[in-house]
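# Overview (structure and organization)
In case you want the letters, here they are:
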Amino acid sequence: MLDADKMTGRGYNMIQFRQLLHRAAALTLSLALALTTAACAKGEAASGADASGGQSGTATGRWVEENVTPKEAVRAFNTSVMEAEDGSLYCYATLEEGGIVKFTSTDGGSTWSSELTGWEEATGGGNIGCINVLPDGTVVFASYSESDSHASQCWIVRPGETPQQVDVSGVGQYITNLALFDTDTLLVTAMEWSEPTAETPAEQIGSDGMVSIMRGAIIDLAAGTVAQTLDNDTLYIMAAANSCPVDTSAGEPRLVYLNFGDSPALMSLDKTGKISTLCSELDTQNPEIGSACDSSGNFYYVDGGICRIGAGGSVQERIVEGASFHLGLTDSYCRDLAVTQEGSFFAVLGVKELYRYTWDETLPAAGIDALSVWSLEENSSVRAAVAAFAAQHPDANVEYRPVLSDGGTKADAISALNTQLLAGGGPDILILDGVDYESYAEKGLLADLSGIVDLNSMAQEVVKPFTGDDGTCYVLPARFSIPILCGSAEDLASITDLGSLTQAVLACSPQTVYDPEDDAYYNELSESERYALGFVSLEQFLDFTLQTSSANLVSDGALNEETVRDVLEFINTVGGYYGMGSWEKTEYSNGIMVSDGDSDVVSMGDGGYTHFLMHNARYGWDMMTTPYYLRDVMSAGESAILQPGTDEGAYCPAVLAAVNASSEKQEQAAQLLACLFGEDVQNSDQRDGMPVLQSALDTRIERACADGKADKALMKSLLASIKTPVTEPDEEIRTSLLTHAQAMLTGSETLDDAVEGVRNDLSLYLAEQQ
Amino acid sequence: MTFRSILRNSSETRAAACFLAPSVCGVILFVLWPVCETVRRSFTDARGASFQGLANYESVLGNSAFRLAAANTARFLCICMPLLLAGSLALALLVRAVRRGARTFRTLYLLPMAVPVASIAFLWNVLFHENGLCSRVLQACGAQPVDFMGTGAAFWVLIGTYLWKNSGYDMILWIAGLDGIDPGYYEAAAVDGAGTWQMFRRITLPALRSTLCLTAVLSLINSFKVFREAYLVAGAHPHESMYLLQHLFNNWFEALDMGRLTAAAVLLALALLIVLAILLRLGREDA
């Protein structure tokens, strides 16, 4: 017991001091706990403002994209947007009906007035091209003779004047590029044709029997003379760099361009023909043509967004993230870029769409309270939908970053998603490609889409398997493709199932081992040597089989042994006939993409390549992602059927969209899905399949059949036959099938052994699901 | 009790409460609340939204994968625990008996604990794969190659790994227990003519009872970590002889089967609680 009377004053003070120390320590710990807990709370994100003017700590301000294409029917923009000294904007374009028009805007590009230039008439009626403009309004262009494909003329139009011809005949016959340094200096590149001499190497002689040479020069317009002739290295760079901007920040004007030769760099060319390196280490992989310079000498270009290289060359940064804009879409390509004095950008995407990018300080910063979209891998349709949504709802904020783009494994990504979903959180919209979407729906984690998307407007063959008996729909594909088999109508007539396909294969010669290094592999075979189907590996052959046979391998949690046997028997017979047991695994394969400009891009894999290009396979097999594929098939005088398999009417759904049932942004999610399933996105060619919107699908079919090369009835009948959606088989099942297929083909297992092996491999996997 | 002492006691109580608060909060937040949530979700659907009664428990108990995993886990524990406790005790006695180099032995036996799991998984593959070292040795002897990880031998590989990795740690615990026994007991027993075995049986073993409880509890907890090696070597669905409850839990989580996962976790926790209660009771009786 403490008795102060019996203690010395010093001892009592010590005890008091210790108690005080205890209290202070307890208070400090409590405060630390409170602070720690507070730190765990959801705090405000850091400012999203960037170097372009946002203020630190306010978490507001972001770039906004607007389509500001003039109302007139533009065939193609010929120049980037220029800013005149009075602040007005102007650019030149070719109209659909012909004629070069000058568009002018006095409201920052929101609206445009047009004025026909009449240059065609003034220059003798030729086609106009290679237009290049200076801010003061000086224009140079080339006119091309319609009668002589090698002839062209150069013209200059000074402000308020009519076109005056410039003599560049000393440079070359056919002008390929024109670029003004200033009102008195012009860069010209041109092609010159000449007759070959006896010493001319054969490879330099073109198909027209002529030798073509590229030439270039810097013209002194005041004197009308060639001031400088360009050397070969410079020439080829400048001939390609048709939109290289002029930098006047250093006093003397110079053309600035990205050089992607052996050593990628930002280069400049001055009026004397001298080339300088402005920045030798570029942080870019795939820049697009459009580029611009501002008055301070900063250089801008497009590579997944708008990037800037500072005037000194030491600062490289992406200032506009293109992920949520049309700028970042796979089917967009920036041909011209412009930057205004106030820091806005104008980009010509494709050839006839003009977009403006402005910084809006009043909007929440990117990433703040954003509608989040989840997918394993990059998806161009989703990207297009996000861009369309952003254009329709500039106030809303969308965050779409495919989880595998930052590295990591699929299993980790799915684990992380599951954790979030089961905890009642997670992304608002899910793109469930490559994921077992059915389990998400079964567990009640997804919202019903039937009230969000108008299912009646979709292709019923595609959406019906995703719709429950009560009309509910938890996952909906935005695209689909069809595995098809191509060949002559007579040959295809006898193929109805895996058995008849096996017979068709056995009726032809066996395929030799795929060897991409051996030129003989690509030689065209005689009719008797042709094989039925071309494959590059056993893995590819298995995937070919599973793309029409994997939906019923497991039903009601049990292995469908009959289906497994059918699949393995097919692999054993065909693989054994081809000798695939000794084939080595290869990652290399052939494939091409074809487009004639107006059509969708047709992708052709190994199955189509060996048939249509090598002519060594009697049948072609491929994934039809556009009706244009069928047009190409029929143009070759052939027909197509659904690839036979154990699944009846197999098709491959893609862009499997769903909404998180726990999302607090159901309304916004519905709006984004409306964009994904809306006319704009569905009508665009994203190279990831055919649209599910019936009207868009019909339009696509009509367009593909417009020239009469494709049979609309055949396309319709193929579509009417699809019934079973087949997605990627579970990795566990695929691995087991591959292991035992390999064992069969190397002779270490019989068919019965293989079936039993698959059963044993999957017994635990399936037991877990019971 | 004077008024001053009451005041002092209450102020000490407050100070104690303040000191305890962080850890109590931590335990509530990171242990008790998740446990309660797990129990709650074992009676609900995957989202934890609707009550399902005992459906999850019925489904778990009727699931053959669960029964196999539970049986394997129990078999693993029943074989490993006695072997580990006995083996590590024997090691401890031997190391104490060694007069020179005892410290070196202690360090050497602890080394397996420092080996990263990924390295162990790699070692397994090098040793026990169909084309691994063990198979090559068998082939050299004229036998057929064996894929140890694809047969029932996988279970014994798992047990061997567990024993190899944890023996050193348990040995240290036993040595601490042995060091705590008063040497006077042994001297008195020797004076009375007791032999080594009698001294071990009558003095050492009874005195190690509380150490046994502690070592058993820690070994039990450590035994669940062997899943990491098994998963890294054989994936989510290994040979059925080494298919443990953690495999099942992991796979059910991936399949979003939260109801059954939590029900199975509750069942496992109950089983472990019973085992721990028995061990703690043994320890308390000793005290």
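Residues numbered from 1 in each chain as written. Chains lettered and ligands numbered in written order. Predicted model: local features only at pLDDT ≥ 70, side-chain atom pairs only at ≥ 80, totals over all residues.

### Details of the overall build of chain B
Of the regular secondary structure elements, chain B holds 13 helices and zero strands. Counting helices and strands in the order they occur from the N terminus, chain B gives α-α-α-α-α-α-α-α-α-α-α-α-α. Here chain B has a C-alpha radius of gyration of 24 Å; the compact-globule value for 287 residues is 19 Å, and the former is much larger. For chain B, the C-alpha atoms occupy an extent of roughly 75 × 60 × 30 Å along the three principal directions. (Helix = DSSP H or I, 4+ residues; strand = E, 2+ residues; numbered from the N terminus. Rg over C-alpha atoms; globule rule 2.2 N^0.38 Å.)

### Remarks on the overall build of chain A
On a plain count of helices and strands, chain A comes out with 19 helices and 38 strands. Restricting to contacts in chain A with at least 6 residues of sequence separation, those with at least 24 account for 61%. (Contact = placed C-beta atoms within 7 Å.)

### Some details on the nonpolar core
Side chains that are nonpolar tend, in soluble globular proteins, to be buried together. L178, V188 and A658 of chain A are the most contacted members of the largest nonpolar core, which has 245 residues in total. Looking at this core, the element that brings in the most residues is strand β36 (residues 650-659) of chain A, giving nine residues. Taken domain by domain, the makeup of this core includes at least three residues from each of domain 1 (371-479 + 654-688) and domain 2 (483-651 + 703-729) of chain A. Ignoring sequence-local partners within four residues, the contact set of L178 of chain A consists of C130, N132, V140, F141, A142, C154, L186, L187 and V188 of chain A. L89, L91, M171 and I175 of chain B belong to the second-largest nonpolar core, a separate cluster that totals nine residues. (Core = buried A, V, L, I, M, F, W, Y, C linked by C-beta atoms within 7 Å. Buried ≥ 20, exposed ≤ 12 C-beta atoms within 10 Å, placed from the backbone. Domains from an automatic or database assignment.)

### Some points on the packing of helix α10 (residues 538-546) of chain A against helix α11 (residues 561-578) of chain A
All names here are of chain A. Taken N-terminus to C-terminus, the directions of α10 and α11 make an angle of 140°; their axes are 11 Å apart at the nearest point. What the angle tells us is that α10 and α11 run oblique. Like other packed secondary-structure pairs, α10 and α11 cross with a definite hand, here right-handed. Taking contact as the criterion, the partners of L538, F541, L542 and T545 in α10 are, on α11, V567, F570, I571 and G575. A per-class count over the contact of α10 with α11 returns six nonpolar, two polar and no charged. (Axes fitted to C-alpha atoms, helices over the stretch in contact; angles between N-to-C directions. Parallel < 35°, antiparallel > 145°, perpendicular 65-115°, else oblique. Left-handed = near helix turned anticlockwise from the far one by under 90°. Nonpolar A, V, L, I, M, F, W, Y, C, P; charged D, E, K, R; others polar.)

### As for the sheet that holds strand β21 (residues 305-309) of chain A
Residues and elements named next belong to chain A. Spatial strand order, β19-β20-β21-β22: four strands in an open sheet with antiparallel pairing. In the strand order of this sheet, the two ends are held by β19 (291-293) and β22 (316-321), each with one partner. Taken over all neighbouring pairs, the strand axes of this sheet differ in orientation by 25° on average, direction set aside. In the sheet, strand β20 (residues 299-302) pairs with β21 via four bridges, with the strands oriented antiparallel. Note that in β21 the partner of F299 across the bridge is I309. (Pairing = 2+ DSSP bridges.)

### Side note on the confidence of the model for chain A
Residue and element names in this part refer to chain A. Looking at chain A as a whole, its pLDDT mean stands at 85, while 91% of the residues score no less than 70. In the model, residues 1-7 has pLDDT below 50 throughout and makes seven contacts with residues more than four positions away in sequence or in other chains. Across residues 37-57, where pLDDT falls below 50, the model places 34 contacts with residues more than four positions away in sequence or in other chains. (pLDDT = per-residue confidence, 0-100.)

### Observations regarding the interface of chain B and chain A
Interfaces are often sized by the accessible area lost when the parts come together. Contacts between the two partners involve 28 residues from chain B and, on the opposite side, 25 residues from chain A. Those elements that place two or more of their residues in the side of chain B that touches chain A are α1 (3-41), α3 (64-97) and α12 (245-254) of chain B. Ranked by the residues each element gives to the side of chain B that touches chain A, the list is headed by α1 of chain B, at ten residues. Looking at the side of chain B that touches chain A residue by residue, the class counts come to 15 nonpolar, seven polar and six charged.

### Quick look at the pairing of strand β8 (residues 139-144) of chain A
Across a regular strand the side chains alternate sides, sitting on one face of the sheet and then on the other. Residues and elements named next belong to chain A. Of all six residues that make up β8, five are buried, and the element is covered over most of its length. Relative to strand β9 (residues 152-157), β8 runs antiparallel, the two sharing six bridges. Bridge pairing in β9 places F141 opposite W155.

### Structural notes on unusual backbone geometry
For H615 of chain A, which is not a glycine, the phi torsion comes out positive at approximately 60°. Despite not being glycine, L256 of chain B has its phi angle at roughly 60°, a positive value. Structurally, L256 of chain B is set in the loop between α12 and α13 (258-286).

### Notes on the domain arrangement of chain A
Residues and elements named next belong to chain A. What the domain assignment lists for chain A is domain 1 (371-479 + 654-688) and domain 2 (483-651 + 703-729). Across the boundary between the two partners, domain 1 contributes six residues, which contact eleven residues of domain 2. For the side of domain 1 that touches domain 2, the residue count by class is one nonpolar, one polar and four charged.

### A word on the sheet that holds strand β11 (residues 174-182) of chain A
All names here are of chain A. Overall, antiparallel pairing links the four strands, which are arranged β11-β12-β13-β14 in an open sheet. In this open sheet, the two edge strands, each paired with only one partner strand, are β11 and β14 (225-229). Neighbour to neighbour, the strand axes of the sheet diverge by 35° on average, direction disregarded. Summarising the sheet, strand β13 (residues 211-220) and β14 pair through four bridges and their orientation is antiparallel. Within β14, the residue paired with D220 across the bridge is T225.

### Some details on the environment of G605 of chain A
All names here are of chain A. Mapped onto the secondary structure, G605 falls in the loop between β33 (602-604) and α12 (606-613). Separated by 70 residues in sequence, G605 and F535 place their C-alpha atoms 10.0 Å apart. Not counting chain neighbours up to four residues away, the residues in contact with G605 comprise G591 and D622.

### Things to note about the environment of G424 of chain A
All names here are of chain A. Structurally, the position occupied by G424 is in the loop between α5 (410-422) and β28 (429-431). Judged by C-beta crowding, with 13 C-beta atoms within 10 Å, G424 ranks as partly exposed. Placed 237 residues apart in sequence, G424 and A661 show a C-alpha to C-alpha distance of 8.7 Å.

### A closer look at helix α14 (residues 666-676) of chain A
By the burial criterion, the buried members of α14 of chain A are A669, L672, L673, C675 and L676 of chain A. Along the long axis of α14 of chain A, the arc covered by the buried residues comes to 150°, so they all point the same way. (Arc of directions from axis to C-beta.)

### A closer look at the packing of helix α13 (residues 627-635) of chain A against helix α16 (residues 694-705) of chain A
Residues and elements named next belong to chain A. With their axes 8 Å apart at the nearest point, α13 and α16 run at an angle of 25° to one another. In terms of orientation, α13 and α16 fall into the roughly parallel class. Seen from above, α13 lies across α16 with right-handed handedness. Touching P627, Y628, L630 and R631 of α13 are R700, I701 and A704, all from α16. Within the contact of α13 with α16, the residues separate by chemical class into five nonpolar, no polar and two charged.

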